[in-house]
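Chain and residue survey
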Amino acid sequence: MARRPLVMGNWKLNGSKAFTKQLVEGLKAELANVEGCDVAIAPPVMYLAEAEAALVGSKIALGSQNVDVNISGAFTGDISTEMLKDFGAKYIIIGHSERRTYHKESDEFVAKKFAALKEAGLIPVLCIGETEAENEAGKTQEVCARQIDAVLNTLGASAFNGAVIAYEPIWAIGTGKSATPAQAQAIHKFIRDHIAKQDQAVADQVILQYGGSVNDKNAAELFTQPDIDGALVGGASLKADAFSVIVKAAAKAKN
Ligand SMILES: O=C[C@H](O)COP(=O)(O)O
């Protein structure tokens with residue numbers, strides 16, 4: 001079935017008020033006439049207001065890099081689904097390897113975030129992926145299956161209706177060493193087949209993004225692969241021209 005590609009920029013811990021305005025203006029100009037690809041940006045939550053204002057009149061969606069499982073209360077430093085909705089955020093990244101590593105987020109905790117997002121009507125962008133050591137030990141499929149199973153076993157396959165999974169091999173993040181299109185396709189197919197074991201229709205529609213050193217040079221070839229439905233882009237999403245090349249490559253390859 002035809003899936004609409006999604007290219008999302010994860011700005012991580014980068015930016016300022018002025019940078020946000022400037023980058024959004026640049027993206028609006030570059031992407032004004034691009035059809036056939038959904039586009040989202042996830043600035044730091046500090047700058048959601050600037051991004052929301054700058055995005056007025058654009059089809060680029062707003063997102064966030066994280067969310068908490070609680071709606072309100074004594075949870076110092078956390079951000080809720082309702083707060084994100086207040087700023088018009090739609091696509092919410094959860095389970096990024098940087099949060100799993102630096103904030104010790106477990107598969108079970110990430111699954112709770114997934115549930116909170118579904119409950120709130122927001123779109124989870126569930127990041128999964130293996131370390132270099134796990135990759136070398138031949139454990140890539142096992143790790144990806146375990147991270148997906150935390151959601152499948154608690155919420156059921158239907159939770160992936162309208163959801164996004166970003167496969168991000170940790171060894172490829174920020175290293176300039178992207179997975180090859182063939183390597184990424186093989187894991188994407190494994191992920192889709194894994195969900196299909198529970199529900200073929202859900203597996204057919206779930207958006208599977210690749211992330212890890214995607215740039216304006218390697219994006220087009222990655223998007224030729226049938227199970228790569230877009231990209232979660234870090235470093236290259238901080239430049240309007242590079243990010244726009246990636247979006248245009250997805251629109252071209254998938255339409
Ligand atoms: O969320 C994005 C990924 O971590 C990829 O980052 P990168 O494109 O800088 O390698």
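The rules behind these values
- Residues numbered from 1 in each chain as written.
- Predicted model: local features only at pLDDT ≥ 70, side-chain atom pairs only at ≥ 80, totals over all residues.
- Heavy atoms only, no water.
- UniProt positions renumbered as here; feature names shortened; annotations may be inferred.
- Helix = DSSP H or I, 4+ residues; strand = E, 2+ residues; numbered from the N terminus.
- Rg over C-alpha atoms; globule rule 2.2 N^0.38 Å.
- Buried < 20%, exposed > 50% of the residue type's maximum accessible area, 1.4 Å probe, protein only.
- Contact = heavy atoms within 4.5 Å.
- Lys, Arg positive; Asp, Glu negative; His and termini not counted.
- Charge placed at Lys NZ, Arg CZ, Asp CG, Glu CD.
- Pairing = 2+ DSSP bridges.
- Right-handed = clockwise from strand over helix to strand, strands pointing away.
- Salt bridge = Lys/Arg side-chain N within 4 Å of Asp/Glu carboxyl O.
- Near = heavy atom within 4 Å.
- Polar contact = N/O pair within 3.5 Å; in protein donor to acceptor, adjacent residues only side chain to side chain.
- Areas by Shrake-Rupley, 256 points an atom, 1.4 Å probe, with all protein chains shown as cover.
- Axes fitted to C-alpha atoms, helices over the stretch in contact; angles between N-to-C directions.

In the nomenclature of an unreviewed UniProt entry, the protein is known as Triosephosphate isomerase of Bisgaardia hudsonensis. Taken verbatim from the UniProt record of the protein, the Sequence similarities (unreviewed entry) comment is "Belongs to the triosephosphate isomerase family." Per UniProt, the protein has the following entry under Catalytic activity (unreviewed entry): "D-glyceraldehyde 3-phosphate = dihydroxyacetone phosphate".

So, on to the overall build of the protein. For the protein, the helix and strand inventory stands at 11 helices and 8 strands. Expected size for 255 residues packed as a compact globule is a radius of gyration near 18 Å; at 17 Å, the protein falls within 12% of this value. A principal-axis box enclosing the C-alpha atoms of the protein has dimensions of 45 × 45 × 35 Å. The burial tally for the protein puts 54% of its 255 residues in the buried class. The long-range fraction of contacts in the protein, counting pairs at least 24 apart against all pairs at least 6 apart in sequence, stands at 73%. Charged side chains in the protein number 26 positive and 30 negative. The centres of these two groups are separated by 3 Å.

Time to look at the pairing of strand S4 (residues 89-94). Within S4, 5 of the 6 residues are buried, which leaves it mostly tucked inside the rest of the structure. The pairing of strand S3 (residues 61-64) with S4 spans 3 bridges and is parallel. In the strand pairing of S4, Leu-62 is matched with Ala-89. Regarding the hand of the β-α-β motif, the stretch spanning S3, helix H3 (residues 81-86) and S4 is right-handed.

For the rest of this paragraph, the subject is the pattern of salt bridges. Oppositely charged side chains are able to pair whenever their charged atoms sit close together. For the structure shown, the criterion picks out 16 salt bridges. Note that Glu-82 is salt-bridged to Lys-85, the shortest N-O span being 3.6 Å. Of this pair, Glu-82 and Lys-85 are both found in helix H3, 3 residues apart, which corresponds to roughly one turn of the helix. By relative accessible area, which is 38% here, Glu-82 ends up partly exposed. A salt bridge links Asp-107 to Arg-100; its shortest N-O distance comes to 2.8 Å. On the basis of relative accessible area, Asp-107 is assigned to the buried category, the value being 13%.

Close contacts around the ligand come from 13 residues, with Lys-12, His-96, Gly-174, Ser-213 and Gly-235 the closest. Take His-96: an N or O atom from its side chain is 2.8 Å from an oxygen atom of the ligand. For the ligand, an oxygen atom lies 2.6 Å from a polar atom in the backbone of Gly-174. Here the ligand loses 94% of its free accessible area of 310 Å² to cover by the protein chains.

Attention shifts here to the side chain of His-194. As for its position among the elements, His-194 is in helix H8 (residues 181-196). A relative accessible area of 11% means that His-194 is categorised as buried. For His-194, the side chain forms a polar contact with the side chain of Asp-149, separated by 2.7 Å.

A separate point is the sheet that holds S3. The strand order around the closed barrel formed by 8 strands is S1-S2-S3-S4-S5-S6-S7-S8, and the pairing between neighbours is parallel. Taken pair by pair, the neighbouring strands of this sheet meet at an average axis angle of 25°, ignoring direction. Bridge count for strand S1 (residues 6-10) against strand S8 (residues 230-233) is 4 bridges, and the pairing is parallel. Of the residues in S8, the one forming a bridge with Met-8 is Leu-232. Contacts between helix H7 (residues 140-155) and the sheet are confined to strand S5 (123-128) and strand S6 (164-167), with S5 contributing the most and set at about 150° to the helix.

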